[in-house]
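Descriptive structure summary
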Amino acid sequence: MATRDLGENLLRLAVHASPSGILIVDAGGEIVFANEALLGMFDYELDELLGQPVEVLVPPVDVELHRKHREKFGARPVPRAMGRRESFGAVRKDGEEFSVEIGLRPTEVEGERMVVATIIDVTERRRIEERLRRYDEHLEELIEQRTQELREAQAQKEQVVERLIQSEKLAAIGTLVSGIGHEINNPLYMILGTAEALQDATDVDDCRQFGTEIIEHCRKISGTVTNLSRYARPGSMDNTQTVDLNDVVEAAIESVHRTKRSDEVDIVWTRQPVAEVPGRPDELQQALFNVIRNAVQASGEHGVIRIGLEERDDSVDVMVRDNGPGIPEEHRSKVFDPFFSTKGPDDGEGLGLYIVRQIVSRHGGDIQVTCGEGTTFTLRFPASPKTDRGETS
Amino acid sequence: MKHQVLILDDEPDVRKVIRQQLSGTQFEVLEAAHAEQAMDLLRDYALFIDVIICDVRMPGISGVEAVSYIREAHPTKPIIVLTGHPDLDLAVDFMKSGVVDYIVKPVEKDKLVAAVEKAAAKHQTFDPHDV
Ligand SMILES: Nc1ncnc2c1ncn2[C@@H]1O[C@H](COP(=O)(O)OP(=O)(O)OP(=O)(O)O)[C@@H](O)[C@H]1O
Ligand SMILES: [Mg+2]
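Residues numbered from 1 in each chain as written. Chains lettered and ligands numbered in written order. Predicted model: local features only at pLDDT ≥ 70, side-chain atom pairs only at ≥ 80, totals over all residues. Heavy atoms only, no water.

**Some details on the overall build of chain B**
Here is the rule: Where helices and strands are cited, they refer to DSSP runs of H or I of at least four residues and of E of at least two residues respectively, numbered from the N terminus. Exposure classes here rest on a 1.4 Å probe applied to the protein chains alone. A residue is buried below 20% of its type maximum, exposed above 50%, and partly exposed in between. What makes two residues a contact is simply this: any of their non-hydrogen atoms within 4.5 Å.
Each helix and strand in chain B was counted, giving 5 helices and 5 strands. Reading the secondary structure of chain B in the N-to-C direction produces β-α-β-α-β-α-β-α-β-α. Here chain B holds 131 residues, and the buried ones make up 47% of them. Taking all contacts inside chain B whose residues are at least 6 apart in sequence as the whole, residues at least 24 apart take part in 63%.

**Regarding the packing of helix 8 (residues 281-299) of chain A against helix 10 (residues 352-362) of chain A**
Residues and elements named next belong to chain A. Under the convention used in this document: Lines fitted to C-alpha atoms define the axes, with helix axes restricted to the stretch in contact, and inter-axis angles between N-to-C directions lie between 0 and 180 degrees. For any helix crossing, the convention is left-handed if the near helix is rotated counterclockwise from the far helix by under a right angle, and right-handed if that rotation is clockwise. Residues are grouped as follows: nonpolar covers Ala, Val, Leu, Ile, Met, Phe, Trp, Tyr, Cys and Pro; charged covers Asp, Glu, Lys and Arg; every other residue, Gly included, is treated as polar.
Two elements in contact, helix 8 and helix 10, have axes whose closest approach is 9 Å; the angle formed by their N-to-C orientations is 145 degrees. The crossing of helix 8 and helix 10 is left-handed. Together, Glu283, Leu284, Gln286, Ala287, Asn290, Val291 and Asn294 of helix 8 and Gly352, Leu353, Ile355, Val356, Ile359 and Arg362 of helix 10 make up the contact between the two elements. Counted by class, the contact of helix 8 with helix 10 contains 7 nonpolar, 4 polar and 2 charged residues.

**Digging into the sheet that holds strand 3 (residues 49-55) of chain B**
All names here are of chain B. The following threshold applies: Pairing between strands requires that DSSP locate at least two bridges from one strand to the other.
Spatially, 2-1-3-4-5 is the arrangement adopted by the 5 strands of the open sheet, whose pairing is parallel. Each edge of the open sheet is held by one strand with a lone partner, namely strand 2 (27-32) and strand 5 (101-104). Each strand axis lies, on average, 25 degrees off the axis of its neighbour in the sheet, ignoring direction. As paired strands, strand 1 (residues 3-8) and strand 3 are joined by 5 bridges and run parallel to one another. Looking at strand 3, one finds that Gln4 is bridged to Ile49. Lying on the sheet, helix 3 (residues 63-73) is in contact with strand 1, strand 3 and strand 4 (79-83); it crosses strand 3 at an angle near 160 degrees.

**Let's talk about the site of ligand 1**
All names here are of chain A. This is how it is decided: Summary of the distance rule: residues count as near a molecule or strand when at least one heavy atom falls within 4 Å of that molecule or strand. Whenever two N or O atoms come within 3.5 Å, that pair is a polar contact, provided that in protein one can donate a hydrogen and the other can accept it, and provided that, for residues adjacent in sequence, both atoms are side-chain atoms. Accessible surface is estimated by sampling points in the Shrake-Rupley manner with a 1.4 Å probe; for residues, cover comes only from the protein chains shown.
Surrounding ligand 1, one finds 22 residues, the nearest of these being Asn294, Asp322, Ser341, Thr342 and Lys343. Gly352 places a main-chain nitrogen or oxygen 3.1 Å from an oxygen atom of ligand 1. Burial of ligand 1 by the surrounding chains reaches 93%, relative to a free accessible area of 580 Å². Those elements that provide at least two residues to the shell around ligand 1 are helix 8, helix 10 and strand 12 (374-382). Sort the elements by how many residues they give to the shell around ligand 1 and helix 8 lands first, with 5 residues.

**Re the confidence of the model for chain A**
All names here are of chain A. Selection rule: pLDDT measures how confident the predictor is about each residue, on a scale from 0 to 100.
Of the residues in chain A, 87% reach a pLDDT of 70 or more, and the chain-wide mean stands at 84. Mean pLDDT per element in chain A: helix 5 (residues 123-200) is the minimum at 78, and strand 10 (residues 315-322) is the maximum at 97. Predicted confidence for residues 231-235 stays below pLDDT 50, and this span has 12 contacts to residues more than four positions away or in other chains.

So, in structure tokens, the structure goes:
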């Protein structure tokens, strides 16, 4: 269908009715047409603009730049659509500046090159965008602030936990001291009382008797201290036997089975032919018991604990692996410290691994902990010299 | 008449030392090795016992329980707690329950005698039998 030839008046009407400003500029940059929207936007009468360089609509600081752009565009006119979100400065008759978005369409009218510019006022939109941006920034600030607060709260929580661990240590020391206190203060009291009696005694036989009693009580105290320090420092290793670690592991597992929560886990273990080691069976069993019980406590329900024995060159390794949560990096250096425990006061005094390390080192061995999926404790003991083993391998 | 002190302690050696420390004073000693025995003695000799010295750590009925029984049956008898291990919380509990003194072993003769004398004086002030 052919385009209907609309009368010039009708077209003019349409152009003036457009909400966008429309401006036609000739090759020399002079304004040859402006619609009503444009006149309203820039606050001019039509005859004030006609024949004027388009730069009257550009803020003074941008005039030079605008002229260069216009010349470049004139040499290579390519249509530029609106909506590129790029805004330019514009200036009203009274000098007030505002932001516009501009679309350009080069055209030719009766052999002369012209540019039709479509212009919209984006001041309001820019203001809203600016506000949105600021709001965004504020939000980010808010989020940053909240994260910071959370971080601080977390740090505080960790401090509390750390303090709790400390107080557990103190509680453990408390129970220990209360036991020691009783064991030592009673005989001390006896010594004191007897010495007082000795001061007042006149009979030589009485004095002898008091002396004997005091010595007895002193021996009692010294016995208590010896008992205590058995675990506190490497004692002598007299009376060692040749021990099959298979038996030790088996006995330790049996004792673990008698503790609470041990039925929730699977202890996987088979005897392995390994060299015997010199040692004290009861102590070795205690060490293994402590390690296996920790594994049970760490892995909880559906836990699987694998225990393996392996002979190396001159030593035997006992490995106890669990599928628990592992030991956090920052705790790994502390687990062997006396009274280090992350368990409640009912579940742990933090002496287990301390004792293990004492026993292992007394046996000339070594203990390692590695964390992968769960935790593996490896106890290494030197094997008995081959001649002692009574076998020819 | 001499005042009577009842010693409740499971260890004969401790009872012996207390007896020794109180010998030559105005106090005479009765011994009980456990709470039941102490209650029996108290029932039979209530009028003559002025002070009770009680240990904390004992097998069976503990010192804490023993104190509460004695307080219930004989509210005016002064009790001195003698312990091998000082425990602040426990001490406070004992004092609240009406114990007159809390002494830590080992205690020297003079201090023990002074404590018993003080307790006995208290008994005299408050004993309804004396009124
Ligand atoms: N298999 C394991 N998995 C995870 N953590 C472990 C394991 N073994 C030990 N730990 C950690 O090491 C700490 C110290 O262990 P240790 O055996 O010395 O003391 P405990 O088990 O807390 O108390 P105790 O053994 O005296 O009853 C534990 O509290 C725990 O945090
Ligand atoms: Mg443990």
